[in-house]
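# Close look at the chain arrangement
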Amino acid sequence: MAATITSNNLKEETADGLTIVDFWAPWCGPCKMMDPVLEELETEYDGKMHFGKLNVDNNQELAEKFKVMGIPALVLFKDGKAIEKVTGYYPKAKLAKYLEKKITENE
């Protein structure tokens, strides 16, 4: 289960290794489509990457800080630092390929 990210725990949740944070909102259709994709990938990448979810409605200051202009947006953190962002819906195969590449680059 992906960690629920807020301004109170972002630093500790992203501190070690690679973390992908899903910026989403309950009213966002594409965000709902991403949910099962991310859940499956979280299981498949257990131990290689940490997953988190951040509700932009409740954490607008974080969305602004990371320049999230559209959702869903995935922000990749490495050891607490945001290193990359992708926006929009990704099918599972495409997102898995992206995650694989990032894991390989950061080993």
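Quick caveat, the model's predicted, so the values are computed rather than measured. (Residues numbered from 1 in each chain as written. Predicted model: local features only at pLDDT ≥ 70, side-chain atom pairs only at ≥ 80, totals over all residues. Heavy atoms only, no water.)

## Some words on the UniProt feature "active site" (unreviewed entry) in the chain
Our working rule: UniProt positions are given in the numbering used here, feature names are shortened, and annotations may be inferred rather than shown by experiment. Helical segments are the DSSP runs of H or I of at least four residues, strand segments are the runs of E of at least two, and each set is numbered from the N terminus. Accessible area is worked out with a 1.4 Å probe on protein chains only. A residue is then buried under 20% of its type maximum, exposed over 50%, and partly exposed in between. Residues count as neighbours in contact if any of their non-hydrogen atoms are within 4.5 Å of one another.
Following the UniProt record, the feature "active site" (unreviewed entry) maps to Cys28 and Cys31 here. Within the fold, cysteine 28 resides in the loop between strand 2 (18-24) and helix 2 (29-44). Cysteine 28 gets classed as buried once you look at its relative accessible area, which sits at 4%. When neighbours within four sequence positions are excluded, cysteine 28 is seen to be in contact with Ile71 and Pro72. The topology assignment puts cysteine 31 in helix 2. With near-sequence residues (within four places) excluded, cysteine 31 lies in contact with Trp24, Ala25, Ile71 and Pro72.

## A few points about the packing of helix 2 against helix 4 (residues 92-105)
Inclusion rule: Angles run from 0 to 180 degrees between N-to-C directions of axes, and those axes are lines fitted to C-alpha atoms, restricted for helices to the stretch in contact. Orientation categories follow fixed angle ranges, with anything under 35 degrees roughly parallel, anything over 145 roughly antiparallel, 65 to 115 roughly perpendicular, and all other angles oblique. Here a crossing is taken to be left-handed if its near helix is turned anticlockwise relative to the far helix by less than a right angle, and right-handed if that turn runs clockwise. Three categories are distinguished: nonpolar for Ala, Val, Leu, Ile, Met, Phe, Trp, Tyr, Cys and Pro, charged for Asp, Glu, Lys and Arg, and polar for the others, with Gly belonging to the last.
Contact geometry of helix 2 with helix 4 gives a least axis separation of 10 Å together with a crossing angle of 40°. By the angle between their axes, helix 2 is oblique relative to helix 4. For the pair helix 2 and helix 4, the crossing hand works out as right-handed. Residues Met34, Val37, Leu38, Glu40, Leu41 and Glu44 of helix 2 form the contact with helix 4, whose participating residues are Lys92, Leu95, Ala96 and Leu99. Classifying every residue of the contact of helix 2 with helix 4 by side-chain character gives 7 nonpolar, no polar and 3 charged.

## Examining the pairing of strand 4 (residues 73-78)
As a reminder, the rule being used: Should DSSP find at least two bridges between two strands, the strands are taken to pair.
In terms of burial, strand 4 is a largely internal element, 5 of the 6 residues being buried. Sheet topology note: the strand 2/strand 4 ladder contains 6 bridges and is antiparallel. Counterpart to aspartate 22 in the pairing with strand 4 is leucine 74. Bridge count between strand 4 and strand 5 (residues 81-87): 6 bridges; the pairing is antiparallel.

## Points about the side chain of lysine 102
Filter applied, for reference: Any pair of N or O atoms that falls within 3.5 Å is considered a polar contact. Within protein, one atom must be able to donate a hydrogen and the other to accept it, and sequence-neighbouring residues count only if both atoms are side-chain atoms.
Examined against the element boundaries, lysine 102 turns out to sit in helix 4. Side-chain polar atoms of lysine 102 contact the side chain of glutamate 105, separated by 3.0 Å. Excluding its chain neighbours within four sequence positions, the residues that come into contact with lysine 102 are Leu18, Leu76 and Glu84.

## Quick word on the packing of aromatic side chains
Convention followed: Each Phe, Tyr or Trp ring (for Trp, its six-membered ring) is paired with any other whose centre lies within 6.5 Å, and the angle between the two planes then decides the class: stacked below 30 degrees, edge-to-face above 60, tilted in between. Only when the NZ of Lys or the CZ of Arg is both within 6 Å of the ring centre and within 35 degrees of the ring normal is a charge said to sit over the ring.
Going through the model one piece at a time under the given rule, you end up with 2 aromatic pairs. Here the aromatic rings of phenylalanine 23 and phenylalanine 66 are separated by 6.2 Å at their centres, their planes lie at 65°, and the arrangement is edge-to-face. A residue pair is termed long-range when its members are at least 10 positions apart, and phenylalanine 23 in strand 2 and phenylalanine 66 in the loop between helix 3 (60-65) and strand 4 qualify at 43 residues. When the ring of phenylalanine 66 is compared with that of phenylalanine 77, the centres are 5.3 Å apart and the planes differ by 80°; the resulting orientation is edge-to-face. Taken together, the residues phenylalanine 66 in the loop between helix 3 and strand 4 and phenylalanine 77 in strand 4 connect sequence positions 11 residues apart. Linked through ring pairs, Phe23, Phe66 and Phe77 together constitute an aromatic cluster. In this arrangement the basic side chain of lysine 53 is found over the ring face of tryptophan 24, its NZ or CZ atom lying 4.9 Å from the centre. The ring of tyrosine 90 is capped by lysine 94, whose NZ or CZ atom sits 4.7 Å from the centre of that ring.

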